[in-house]
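Next come the chains, spelled out residue by residue.
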Amino acid sequence: VMSVRPLVAGNWKMNGSRSALKELSAMAEGYDAGLKAKVDLMICPPAPLVFLAAAAAIGTRIAIGGQDCHTEASGAFTGEVSAEMLADSGAGAVIVGHSERRQYFKESDALVAAKAAAAIRAGLAAIVCVGETREEREAGKALSVVGRQVARSVPEDATPETIIVAYEPVWAIGTGLTPTAADVAEVHALIRKKLVSRHGKQAAGIRILYGGSVKPANAKELMAVENVDGALVGGASLKAADFLAIAAAY
Ligand code: PEP
């Protein structure tokens, strides 16, 4: 089994003001040599904070990412932010296809794949999110849904440097509910198999994050699951103490 350096990424969603950057500073302070040896950290603040967060993160080894991007580099798309703009602001990555985007903004797998391709074009890594709804899981369709999303949302030229996959069951996001370790293992194994069959052996190095109600209390169990190469953390990434405690699960 190829060992992959884990990543704990925080998604602040539509939360945080300039004053929240003090949490980023506290994360940097707590990101000590012991943690740096084991795990990468990333924070994805809302777009207006990306530039300031990236400036604050210089020299800390905490990466900054965006939460979404447009497919085009520039143009008449009022209100949108391009991957190139995120890169120019100091981001190293961008989340695409988060379930809130898929649900509330009706993003399709094809659009998510185009956004991931835009990220790669701009020199960013894309964190491609997939995950089944509660209804889909209860109908026994979790594996087929996630398999299809991975096949259709991850661009053809995916490599460990350009693509990170996040498995986020929709019913686990912000609910306090989490799948069992066995269920996480089953889905992550399927994602790995799909990635390797489509993108070749090097896809063993593509990080597959788990996301959905990751907290300090459950991080150790979830992060110990085979093919779980880190976490995508929503609520618990807003406070440095919680985020660092999750990172310390490694
Ligand atoms: C998320 O939004 O990506 C997420 C996992 O949220 P939470 O950790 O709050 O469930």
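Residues numbered from 1 in each chain as written. Predicted model: local features only at pLDDT ≥ 70, side-chain atom pairs only at ≥ 80, totals over all residues.

S.K.: How should I be thinking about unusual backbone geometry in this particular structure?
M.R.: A negative phi angle characterises most non-glycine residues, just as the trans form characterises most peptide bonds. Despite not being glycine, Ser213 shows a phi value in the positive range, around 55°. Among the residues examined, Ser213 registers 21 C-beta atoms within 10 Å and is labelled buried. (Buried ≥ 20, exposed ≤ 12 C-beta atoms within 10 Å, placed from the backbone.)

S.K.: How should I be thinking about the UniProt feature "binding site: substrate" (unreviewed entry) in the chain in this particular structure?
M.R.: The UniProt feature table records "binding site: substrate" (unreviewed entry) at Asn11, Trp12, Lys13, Gly174, Ser213, Gly234 and Gly235. A maximum C-alpha distance of 13.9 Å is found for the annotated residues, which run over 225 residues; spatially they form one tight group. Take Trp12: there are 21 C-beta atoms within 10 Å of it, and that puts it in the buried class. Looking at where Gly174 falls in the secondary structure, it is placed in the loop between strand 6 (163-167) and helix 9 (181-199). The residues contacting Gly174, other than those within four sequence positions of it, are Gly234 and Gly235. (UniProt positions renumbered as here; feature names shortened; annotations may be inferred. Helix = DSSP H or I, 4+ residues; strand = E, 2+ residues; numbered from the N terminus. Contact = placed C-beta atoms within 7 Å.)

S.K.: Help me understand the site of the ligand, please; the structure alone is not making it clear to me.
M.R.: Every one of the 13 residues lining the ligand counts as a neighbour, but Ile173, Gly211, Ser213, Gly234 and Gly235 are closest to it. Residue composition of the shell around the ligand, by class: 5 nonpolar, 7 polar and 1 charged. (Near = placed C-beta within 6 Å. Nonpolar A, V, L, I, M, F, W, Y, C, P; charged D, E, K, R; others polar.)

S.K.: Which parts of the structure should I look at to understand the environment of Leu244?
M.R.: Structurally, the position occupied by Leu244 is in helix 11 (residues 240-247). A residue is classified by how many C-beta atoms lie within 10 Å of it, and Leu244, with 19 of them, is partly exposed. Along the primary structure Leu244 and Leu35 are separated by 209 residues, whereas in three dimensions their C-alpha atoms are 8.9 Å apart. Those residues in contact with Leu244, other than ones at most four positions away along the chain, are Met27 and Gly30.

S.K.: Help me out: how do you make sense of the pairing of strand 6 in this one?
M.R.: Each regular strand displays side chains that alternate between the two surfaces of the sheet. Extensive coverage of strand 6 is indicated by the burial of 5 of its 5 residues. Neither face of strand 6 is open: one carries Ile163, Val165 and Tyr167, the other Ile164 and Ala166, and all of them are buried. Note: strand 5 (residues 125-130) against strand 6, 5 bridges, orientation parallel. From the neighbouring strand, Cys129 faces strand 6, where its bridge partner is Ala166. Pairing of strand 6 with strand 7 (residues 207-211), which is carried by 4 bridges, proceeds in the parallel orientation. Across the sheet, residue Ile164 finds its bridge partner in strand 7, namely Arg207. In this view, the connection linking strand 6 to its parallel neighbour strand 7 by way of helix 9 has right-handed handedness. (Pairing = 2+ DSSP bridges. Right-handed = clockwise from strand over helix to strand, strands pointing away.)

S.K.: Would you explain the UniProt feature "active site" (unreviewed entry) in the chain in this entry?
M.R.: With numbering aligned to this structure, UniProt lists the feature "active site" (unreviewed entry) at His98 and Glu168. The largest pairwise C-alpha distance within this set of annotated residues, which runs over 71 residues, is 8.4 Å, so the set is compact in three dimensions. Relative to the assigned elements, His98 resides in the loop between strand 4 (93-96) and helix 5 (99-104). Taking the number of C-beta atoms within 10 Å as the measure of exposure, His98 has 27 and is therefore buried. If sequence neighbours within four positions are ignored, His98 has contacts with Gln67 and Cys129.

S.K.: Looking at this structure, how should I read the sheet that holds strand 6?
M.R.: Sheet strands associate in pairs through backbone hydrogen bonding, adopting either a parallel or an antiparallel arrangement. If you trace the 8 strands once around the closed barrel, you get 1-2-3-4-5-6-7-8, paired in parallel fashion. Going across the sheet, the axis of each strand differs from the next one's by a mean of 25°, ignoring polarity. The sheet contact formed by strand 3 (residues 62-66) and strand 4 spans 2 bridges and is parallel. Bridged to Gly65 within strand 4 is Ala93. (Axes fitted to C-alpha atoms, helices over the stretch in contact; angles between N-to-C directions.)

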